[in-house]
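Topology and contacts: notes
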Amino acid sequence: MADLNIKLNVGRMVAVEHYTGKSLNQIIRDTESDAGMSLAVLRGMLAAGTQPAALSMMGVSIGWEEERRADALLTEHGIAACASAVGSALAAFLRTIETRAA
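Computed from a predicted model, the values in this text were never measured in an experiment.

**Section: the overall build of the chain**
The number of helices and strands found in the chain is six helices and zero strands. The C-alpha radius of gyration computed for the chain amounts to 13 Å, which stays within 12% of the reference 13 Å derived for 102 residues, consistent with globular compactness. C-alpha extents for the chain along the principal axes are approximately 40 × 35 × 25 Å. Once local pairs closer than 6 in sequence are excluded, the contacts in the chain between residues at least 24 apart make up 65%. Total accessible area on the chain stands at roughly 5900 Å², and carbon and sulfur atoms take up 56% of it. Between the averaged position of the 9 positive side-chain charges in the chain and that of its 11 negative side-chain charges there is a distance of 4 Å.

This is the structure we're talking about:
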């Protein structure tokens, strides 16, 4: 079973913005929606958030390899578990940028 170890940072969130065509504010609203986050946002955050650290230092982009990895995680763990892991990772990221801004 592949690990749901999701790490988000500014570069990874920019990649999600490009992938989904949504701003960070829109992504946050999407994740907080009563209907649940869209599959595009979920897939994008899984793809960017699980990219190996060495690769993410060269710049994060979401291509077919990252999509395939995200799809495999969704298939293996299910939407609910993936959404929960992404939500936790997003909350940790937002706390980090909030702390640095203070």
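**Some details on the side chain of aspartate 30**
Note that aspartate 30 resides in helix α2 (residues 24–31). Taking relative accessible area as the criterion, aspartate 30 reaches 12% and is therefore assigned buried. Once residues within four sequence positions are removed from consideration, aspartate 30 is found in contact with Lys22, Gly36, Met37, Ser38 and Val41.

**Quick word on helix α3 (residues 39–49)**
Taking burial as the measure, the 11 residues of α3 include eight buried ones, the bulk of the element. Of the positions making up α3, those classed as buried are Val41, Leu42, Gly44, Met45, Leu46, Ala47, Ala48 and Gly49.

**A look at the pattern of salt bridges**
In this structure the tally under the stated criterion is three salt bridges. Arginine 43 is the salt-bridge partner of glutamate 67, the closest N and O atoms lying 3.8 Å from each other. With a gap of 24 residues between them, glutamate 67 in helix α5 (residues 64–77) and arginine 43 in helix α3 connect regions that are remote in the sequence. The salt bridge involving aspartate 71 is made with arginine 43; its shortest N-O contact spans 2.8 Å.

Cut-offs used in this document
Residues numbered from 1 in each chain as written. Predicted model: local features only at pLDDT ≥ 70, side-chain atom pairs only at ≥ 80, totals over all residues. Heavy atoms only, no water. Helix = DSSP H or I, 4+ residues; strand = E, 2+ residues; numbered from the N terminus. Rg over C-alpha atoms; globule rule 2.2 N^0.38 Å. Contact = heavy atoms within 4.5 Å. Areas by Shrake-Rupley, 256 points an atom, 1.4 Å probe, with all protein chains shown as cover. Lys, Arg positive; Asp, Glu negative; His and termini not counted. Charge placed at Lys NZ, Arg CZ, Asp CG, Glu CD. Buried < 20%, exposed > 50% of the residue type's maximum accessible area, 1.4 Å probe, protein only. Salt bridge = Lys/Arg side-chain N within 4 Å of Asp/Glu carboxyl O.

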